[in-house]
Amino acid sequence: MTTISSASPVGTPHGAGDPPVIAWERLLGRFTDLFTRPSSGLFLTLVTGWVLCPGRRTVTRMVDVADPDGAHAHDAYHRFLREGSWDMAQLWRRLAPLLVSHLEGTLRLVLDIDDTLFHKAGRKVNGAGSFRDPIRSRGQRTVFAHGLNLVVLTLRVQPPWGGEPIGLPINMRRYRKRDGRSLLDLGQEMIEEVAGWLPDHSFILGCDGAYSSLAGRDLPRTHVVSRIQCNAALYEPAPARRPGQRGRPRKKGARLGTPAELAQAADGWTIADIDVRGQQVERALWARPLLWYAVRPLHQIMLVVVADPAQRERDDLLFCTDLTIPPELVASLYAGRWSIEVTFRDTKQLLGGQEPQCWKAQGPERADAISFWTYSAVWLWYLTCHGASPTWRPRPWYRAKRTPSFADALAALRRALWSRRIFDGSDSSSLMAKIPAVLIDAIAEAA
């Protein structure tokens, strides 16, 4: 799977020999030229405060942690988000090639796309609306919530410690009702942008069934892996035209059964191991090329049915627009899409992406975008500085822990930043070694 579906971290990337704090400062320094001189200082302070701030991440709390001396007035940070003369698209454009250059991968990269709801309090938040809450909605019961609906594109990366891949955000759009652009339109815009930023790469796009219709759009150098509707109308490809045949050429062949019907009547199954969130799982696979005329009328797709031999789970009905990819790899590619769900959870719960109290102009959208941008930056710093080396403190109740989570990456960065802040301003020889170590560990892991 790693040969096509994800990028693997370089063994000795640029900056790997720098001290952790210096590596973080150099990483952020790559983006300061995208701002004016005053705004660059606000940007550096805000991102560092986002990392260090414990508890609720409102702008004033983050500034209070990162700028305790008040070098800038707190309303300057609100103006920076609300109406600053900088472009979030330029930050994404600089970040995406940087991630790829620091991560060793093939020319074919895997992207994942999905949307998530960032809850916002208050009815006057610019761009917010009432959207379906996927977390609280169950079956026929639909729950709506107020907030910003964000469409996020991530780069799937295989970490050096193996296991579950990581989804690193590289682009984002806000979906707004009555804006004239659908979720699919926004997804296509982001993919076209990323293809322009990375002209030497081709892509595989993993998405759930809501975005499966992207398979019928003209996406540059991109193939799609997704779910297919269980009642989709499928056809044989158009038959060859007979010599002397008159009339308009046929566009599709004989009607086939639905994917569910084809799966039920299928024979010739193969057994293979697929990668499911870093674990090898045995599955039965059946595949065949066919035409999904309603979505992709000019080209065939590969239908892949994934079944549990023990019959404990439902069959997965998948498809891929690249007919050369083996069925077991199609199943692994789709299973790896879960990394974007982990990204959403960690950005909301560990970085407090929903919490900045920005109401007007571009403030709400920019604050949410910076939270996703910071998520990618923290992971890039961690992979560059630490790689597969453990950075967490062993716990007697969790002896089996072998791989880091984003909470561990965030704690490692906090530990480095707090250590410099505490020791650079004091005489370390007058401190007992255990006291600052315990203090730094406590604030590094504070939620």
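Fair warning: this is a prediction, and the values are worked out from it, not measured in the lab. Counting starts from 1 at the beginning of each chain's written sequence and moves along it residue by residue. For a predicted model such as this one, the threshold for reporting local features is a pLDDT of at least 70, and the threshold for listing and counting side-chain atom pairs is 80 or more; totals across whole chains, interfaces and linings nevertheless cover every residue. Side-chain numbers here rest on the full set of heavy atoms in the structure, without hydrogens or water.

Caption draft 1: Main features of the overall build of the chain. Secondary structure elements are taken from DSSP: a helix is a run of H or I of four residues or more, a strand is a run of E of two residues or more, and numbering for both begins at the N terminus. Regarding its fold elements, the chain presents 12 helices and 12 strands. Only protein chains enter the accessibility calculation, which uses a 1.4 Å probe; a residue whose area is less than 20% of its type maximum is buried, one above 50% is exposed, and one in between is partly exposed. Burial analysis of the chain (447 residues in total) assigns 50% to the buried set. Pairs at least 24 apart in sequence give 67% of the contacts found in the chain among residues at least 6 apart. All accessible areas in this document rest on Shrake-Rupley with a 1.4 Å probe, and a residue is counted as covered only by the protein chains that are shown. Roughly 21,400 Å² of accessible area belongs to the chain as shown, and the carbon and sulfur atoms make up 51% of that amount. By definition, residues are in contact when any of their heavy atoms lie within 4.5 Å.

Caption draft 2: Layout of the pattern of salt bridges. Throughout this description, the term salt bridge denotes a Lys or Arg side-chain nitrogen within 4 Å of a carboxyl oxygen of Asp or Glu. On inspection of all chains with the given rule, the structure shows 22 salt bridges. Of the charged contacts, one joins Asp-322 and Arg-108 as a salt bridge, the two residues approaching to 2.6 Å between their closest N and O atoms. Placement of the pair is Asp-322 in the loop between β12 (316–320) and α8 (327–335) and Arg-108 in strand β3 (residues 108–119), with a sequence separation of 214 residues. Among the residues examined, Asp-322 registers a relative accessible area of 8% and is labelled buried. The salt bridge partner of Arg-283 is Glu-313, with a shortest N-O separation of 3.3 Å. Within this pair, whereas Arg-283 is found in strand β10 (residues 279–290), its partner Glu-313 is found in the loop between β11 (301–307) and β12, the two being separated by 30 residues in sequence. Of the residues examined, Glu-313 reaches a relative accessible area of 48% and is grouped as partly exposed.

Caption draft 3: Broad picture of the confidence of the model for the chain. A residue's pLDDT is simply how confident the predictor is in it, with values from 0 to 100. Scored by pLDDT, the chain comes out at a mean of 88, with 90% of its residues at no less than 70. Under a pLDDT of 50 for its full length, residues 8–14 has, in the predicted model, 17 contacts with residues more than four places off or in other chains.

Caption draft 4: Region of interest: the packing of helix α5 (residues 88–102) against helix α10 (residues 363–385). All axes are obtained by fitting lines to C-alpha atoms, using only the stretch in contact for helices, and the reported angles, taken between N-to-C directions, cover 0 to 180 degrees. α10 packs onto α5 with a crossing angle of 20° between their chain directions and a minimal axis gap of 11 Å. With respect to their mutual orientation, α5 and α10 come out roughly parallel. For the crossing formed where α5 meets α10, the hand is left-handed. Packed against α5, whose contacting residues are Met-88, Leu-91, Trp-92, Leu-95, Leu-98, Leu-99 and His-102, the element α10 presents Ala-369, Ile-370, Phe-372, Trp-373, Ser-376, Leu-380 and Thr-384 at the interface. A breakdown of the residues in the contact of α5 with α10 according to their chemical character gives 11 nonpolar, three polar and no charged. When an angle is under 35 degrees it counts as roughly parallel; over 145 it counts as roughly antiparallel; between 65 and 115 it counts as roughly perpendicular; any other value is oblique. By the definition used in this description, the sense in which the near helix is turned from the far one sets the handedness, with an anticlockwise turn below a right angle giving left-handed and a clockwise turn giving right-handed. For this classification, Asp, Glu, Lys and Arg are treated as charged, while Ala, Val, Leu, Ile, Met, Phe, Trp, Tyr, Cys and Pro are nonpolar and the rest, including Gly, are polar.

Caption draft 5: Spatial organisation of the nonpolar core. Of all hydrophobic cores here, the largest spans 112 residues; its most connected members are Trp-24 and Trp-373. Here the element with the most residues in this core is α10; it accounts for 14 residues. In contact with Trp-373, not counting residues within four places along its chain, are Leu-28, Phe-31, Phe-43, Val-47, Met-88, Leu-91, Trp-92 and Leu-95. Only buried Ala, Val, Leu, Ile, Met, Phe, Trp, Tyr and Cys residues count toward a nonpolar core, and they belong to the same one when joined by side-chain atoms within 4.5 Å. Formed by 17 residues, the second largest nonpolar core is a distinct cluster that contains Val-110, Val-225, Cys-320 and Ala-331.

Caption draft 6: Spatial organisation of the pairing of strand β5 (residues 144–157). Among the 14 residues in β5, 13 count as buried, and that is most of the element. Two strands are counted as paired when DSSP detects at least two bridges linking them. Bridge count between β3 and β5: nine bridges; the pairing is antiparallel. Note on β5: the bridge partner recorded for Asp-114 is Val-152. Sheet analysis places strand β4 (residues 129–132) next to β5, joined by four bridges and oriented antiparallel. Of the residues in β5, the one forming a bridge with Gly-129 is Gly-147.

Caption draft 7: Layout of helix α1 (residues 20–29). Every buried residue of α1 is listed here: Val-21, Ala-23, Trp-24, Leu-27 and Leu-28. Along the axis of α1, the buried residues cluster in a sector spanning 160°; they form a single face. The reported arc concerns the directions from the helix axis to the C-beta atoms and nothing else.

Caption draft 8: Region of the structure containing the environment of Pro-297. Note on placement: Pro-297 falls in the loop between β10 and β11. The exposure class of Pro-297 is partly exposed, given its relative accessible area of 33%.

Caption draft 9: Inspection of the environment of Gln-300 at higher detail. Tracing the chain through its elements places Gln-300 in the loop between β10 and β11. Placed 11 residues apart in sequence, Gln-300 and Pro-289 show a C-alpha to C-alpha distance of 6.3 Å. The contacts of Gln-300, once residues within four sequence positions are left out, are Pro-237, Pro-289, Leu-290, Leu-291, Thr-321 and Leu-323.

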